[in-house]
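# What the coordinates show
The lines below spell out each chain.
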Amino acid sequence: MIQNYFKIAWRNLLKRKFYSLVMIFGLSVGMTFTFLIMSYVWGEMRVNSDLRNADNQYIVRSKWKNPDMGIDMATLGPLGATLKADYPGLVANFYRYDGITVAVSKNDKHFRDEVQTGDSTLLVMYGFPLLHGDAKTALNRSNSVAITEEKALKYFGRTDVLGETLTLHNFIGGKQEFQVTAVLKTLGNNSVNNLLPKPVEIFIPLSSLDGRKGAEDNWDFPYMITYIELQNGIMPKDLQKPIAQTLATHGSANTKANLEIYLTPLKEYYLDANNGLVRKMIYTLSGVTLFILLMAIVNFVNISIGKSSSRLKEIGVRKVLGSQKMQLVGQFLAESIILALLAMFLSILFYEISRGAFSDILGKPLPSSLALFPYSLVMPLFCAFLIGLMAGIYPAFVLSGISSIDSMKGKLKSIRENVLLRQGLVASQFVIALFVFAGAVVIAKQVDYFFNKNLGYNKESLVSIAVPRDWTPEGLAKMEAIRDQLSQLKEVSNVSLSYEIPNGNNGGHTGLYKSGQDSTQAIHTQFVSTDEKYADTYQIKILAGKFFNAKQGAFQANRIVLNQTAAKALGFANPQDAVGQQVRVHNVPGILTVDGVSADFNFASMHQVIKPLGFFT
């Protein structure tokens, strides 16, 4: 009987080719979008799940009473190693790293690359697959480096490069040779090498690069990204007292008063970071997908009922000949399932055609259907049957419920009596369309705000060039020479040399207070190391005083420039009152004189309020 259902259904679909094509195409578009989004959601949900012992791994996070004292994703330098050493029954392993950007060279190839300087436990703890090398010993030597196969091809043109060397520029103006001891296979998306904005594919041991040493032993260094792996059966709550005891033993008074340490499961961190941004995005995209799929199903229902007049006599004849209602229901459901199956196969084709463009929009690669096999076959089949049942069940019961006499006479009275639901379905389509339109308007306004908001500086035609950060007198002279040569180009109006640019990457934070004031009342201020040409280059407005010796006069030591927010935080009613006043900065010897006050500008993300900012030369 089921075979007959599908045979008759296939004949009816061929008889109404245009109608069938409209139905198939409409469903296939909705299903294609569903498959694209679900593929993306599946990839996002699986971030970190392929790491070794991922269920026992946690990222150590910091909650500061004063958020300017540290960052959420990092913690104190020695904490991870100390917990492992003092509580081996609780902590099975740990990994810490400090993320840096340095110049990397091989012969005539020179690039600035992201580098992790971390513990030697990296490869063993996470089980990253290797093409070449030994995970247990690869990072034991101070001059060793592990790279991915992509970096091996980039610098050497091949992947079998064990024993080869890379040159890394250090932070004191020198160069150091590192020997390749491991080549990793392509790394999937994870919160170890992809935690920071740019993925890291070069790994060296902690304190192996001159000018960047000692952070792992410094209890006042709050920017060490730290992971720990707990022993089987140990829960994060079991580590609360050991962490508190460790902080009480090693932390400074200021740290103990302001810091709370907590653990987040590594498998959940990616979804919950940044106030659950990824999780919210997944829910939003899933909701949009559901709306689109529902609209496709509503179209199916409406078209099915709208075309019912051509089926009335068929239904009447079959009922007169003895067909039962459930047999007719099965017939119509078979037709809808066949339509859904055909739409499914078409949607898989559309998926392969559109996934490249969709990947570019999302900024994440989407796997091919073959890479997702057998899920790429099982899930679409399940969806096709489910959608076929959802889309066909109402038309099936409506059409099969028409009386034999009305069917034979071609009367639509029985259908008109069910018009309320059809009207409701049409109304729901318009409501959904209105919500989508309203959402598009809001997003358009957000995009316009993003591109046209006054940041407080002119970002047009600004180009950032990275130079070796050598802050020795000789290195500084070289960097200033590069700046001066660039400024002589006729195409260049201004050039500035600075340690930071306004891209959201924070400079150093420390306390700022008036001379003679209690240092405990200091305001936490972000500081930017720059030269006297910074304000002119970025076209930052100076509200009072001057930006060091940019316009006139000789260089004067012990000077500082504040932004308007910092001046207000120090208690100055207007910018002019701050000029010439004396201030102090924690860990900076001597008294500083305020040279000028700049207008506020967005140094970090526009999601953040503008905070106190100071400029050093």
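Anything mentioned here points back to the structure above.
Residues numbered from 1 in each chain as written. Predicted model: local features only at pLDDT ≥ 70, side-chain atom pairs only at ≥ 80, totals over all residues. Heavy atoms only, no water.

### Considering the overall build of the protein
Scanning the protein for helices and strands turns up 18 helices and 17 strands. Within the protein, buried positions represent 44% of all 617 residues. A separation of at least 24 residues holds for 75% of the contacts in the protein among residues at least 6 apart in sequence. Of the roughly 31,700 Å² that the protein leaves accessible, carbon and sulfur atoms contribute 59%. (Helix = DSSP H or I, 4+ residues; strand = E, 2+ residues; numbered from the N terminus. Buried < 20%, exposed > 50% of the residue type's maximum accessible area, 1.4 Å probe, protein only. Contact = heavy atoms within 4.5 Å. Areas by Shrake-Rupley, 256 points an atom, 1.4 Å probe, with all protein chains shown as cover.)

### So, the pattern of salt bridges
Counted by the stated rule, this structure contains 17 salt bridges. Across the pair Glu352 and Arg355 runs a salt bridge whose closest N-O atoms are separated by 3.0 Å. Taken together, the residues Glu352 and Arg355, both in helix α10 (residues 325–362) and 3 residues apart, mark about one turn of the helix. The closest approach of N and O atoms between Arg483 and Asp484, which form a salt bridge, is 3.2 Å. (Salt bridge = Lys/Arg side-chain N within 4 Å of Asp/Glu carboxyl O.)

### A word on the nonpolar core
With 34 residues, the main nonpolar core has Leu27, Met31, Tyr351, Leu366, Ala384 and Ile387 as its most contacted residues. The contacts of Ile387, once residues within four sequence positions are left out, are Leu27, Met31, Leu293 and Ile297. Core analysis: the second largest hydrophobic core is formed by 26 residues, Leu123, Phe128, Leu266 and Ala273 among them. (Core = buried A, V, L, I, M, F, W, Y, C linked by side-chain atoms within 4.5 Å.)

### Focus on the packing of helix α3 (residues 79–86) against helix α6 (residues 240–250)
Where α3 contacts α6, the two axes come as close as 11 Å, and the packing angle between them is 115°. The angle between α3 and α6 places the two elements in the roughly perpendicular class. Regarding α3 and α6, the two cross each other, and that crossing is right-handed. Of the residues in α6, those in contact with Leu79, Thr82 and Leu83 of α3 are Pro242, Ile243, Thr246 and His250. Taken together, the residues that form the contact of α3 with α6 break down as 4 nonpolar, 3 polar and no charged. (Axes fitted to C-alpha atoms, helices over the stretch in contact; angles between N-to-C directions. Parallel < 35°, antiparallel > 145°, perpendicular 65-115°, else oblique. Left-handed = near helix turned anticlockwise from the far one by under 90°. Nonpolar A, V, L, I, M, F, W, Y, C, P; charged D, E, K, R; others polar.)

### A few points about a nonpolar patch on the surface
On the surface, Trp42, Leu290, Phe291, Leu294, Phe373, Tyr375, Leu377, Val378, Met379, Phe382, Leu386 and Met390 cluster together into a nonpolar patch covering about 1,200 Å² of accessible area. Contributing elements (two or more residues each) for the nonpolar patch: α8 (266–306) and α11 (375–400). If one sorts the elements of the nonpolar patch by residue count, α11 sits on top with 7 residues. With respect to the helices and strands, Phe382 occurs in helix α11. (Patch = residues over 30% accessible without salt bridge, like charges linked within 9 Å, V, L, I, M, F, W, Y side chains within 5 Å.)

### A closer look at α6
Of all the residues in α6, the buried ones are Pro242, Ile243, Thr246 and Leu247. The buried residues of α6 occupy an angular sector of 135° when projected down its axis, which confines them to one face. Across α6 from its buried face, at more than 90 degrees, point the exposed residues Gln240 and Lys241. Contact partners of the buried residues in α6: α3, α7 (253–258) and β10 (259–265). (Arc of directions from axis to C-beta.)

### Observations regarding the pairing of strand β12 (residues 523–529)
Walk down a regular strand and you will see the side chains alternate between the two sheet faces. Burial of β12 is extensive: 5 of the 7 residues sit out of reach of the surface. Looking at chain direction, β12 and strand β17 (residues 613–616) are connected through 4 bridges and run parallel. Bridging across to β17, Val528 finds its partner in Phe615. (Pairing = 2+ DSSP bridges.)

### Overview of unusual backbone geometry
The phi dihedral of Asn107 falls on the positive side, at around 55°, and the residue is not glycine. Take Asn107: it is sitting in the loop between β2 (91–106) and β3 (109–118). According to the relative accessible area criterion, Asn107 is exposed, its value standing at 66%.

### Topic: the side chain of Asp98
By secondary structure assignment, the location of Asp98 is in strand β2. For Asp98, the side chain forms a polar contact with the side chain of Arg212, separated by 2.8 Å. (Polar contact = N/O pair within 3.5 Å; in protein donor to acceptor, adjacent residues only side chain to side chain.)

### Examining the pairing of strand β6 (residues 165–169)
Counting buried positions over the 5 residues of β6 gives 4, a clear majority of the element. Relative to β6, β2 is paired through 2 bridges, and the arrangement is antiparallel. Among the inter-strand pairings, Ser105 is bridged to a residue of β6, identified as Thr167. Of the pairings in the sheet, the one linking β6 to strand β7 (residues 175–184) comprises 5 bridges and is antiparallel in character. Paired with Leu168 across the bridge in β7 is Gln176.

### A short note on the packing of aromatic side chains
Inspection of every chain in the model, using the stated rule, returns 18 aromatic pairs. Ring centres 6.3 Å apart and planes at 80° place the aromatic pair Phe25 and Phe350 in the edge-to-face group. Placement of Phe25 in helix α2 (residues 17–45) and of Phe350 in helix α10 is noted, with a sequence separation of 325 residues between them. Pairwise contacts between aromatic rings join Tyr457, Tyr534, Tyr538, Phe547, Phe548, Phe601 and Phe615 into one cluster. Taking the ring centre of Phe171 as reference, the NZ or CZ of Arg212 above it sits at 5.5 Å. (Phe/Tyr/Trp six-rings, centres within 6.5 Å; stacked < 30°, edge-to-face > 60°. Lys NZ or Arg CZ within 6 Å of the ring centre and 35° of its normal.)

### Digging into the environment of Glu229
Looking at the element boundaries, Glu229 is found in strand β9 (residues 225–230). Between the C-alpha atom of Glu229 and that of Asp55, which follows or precedes it by 174 residues, the distance is 8.8 Å. Here Asn53 takes part through its side chain, which lies 3.1 Å from a polar atom of the side chain of Glu229.

### Quick word on the side chain of Thr289
Positionally, Thr289 belongs in helix α8. Reaching out from Thr289, the side chain makes a polar contact with the backbone oxygen of Leu285 at a distance of 2.7 Å.

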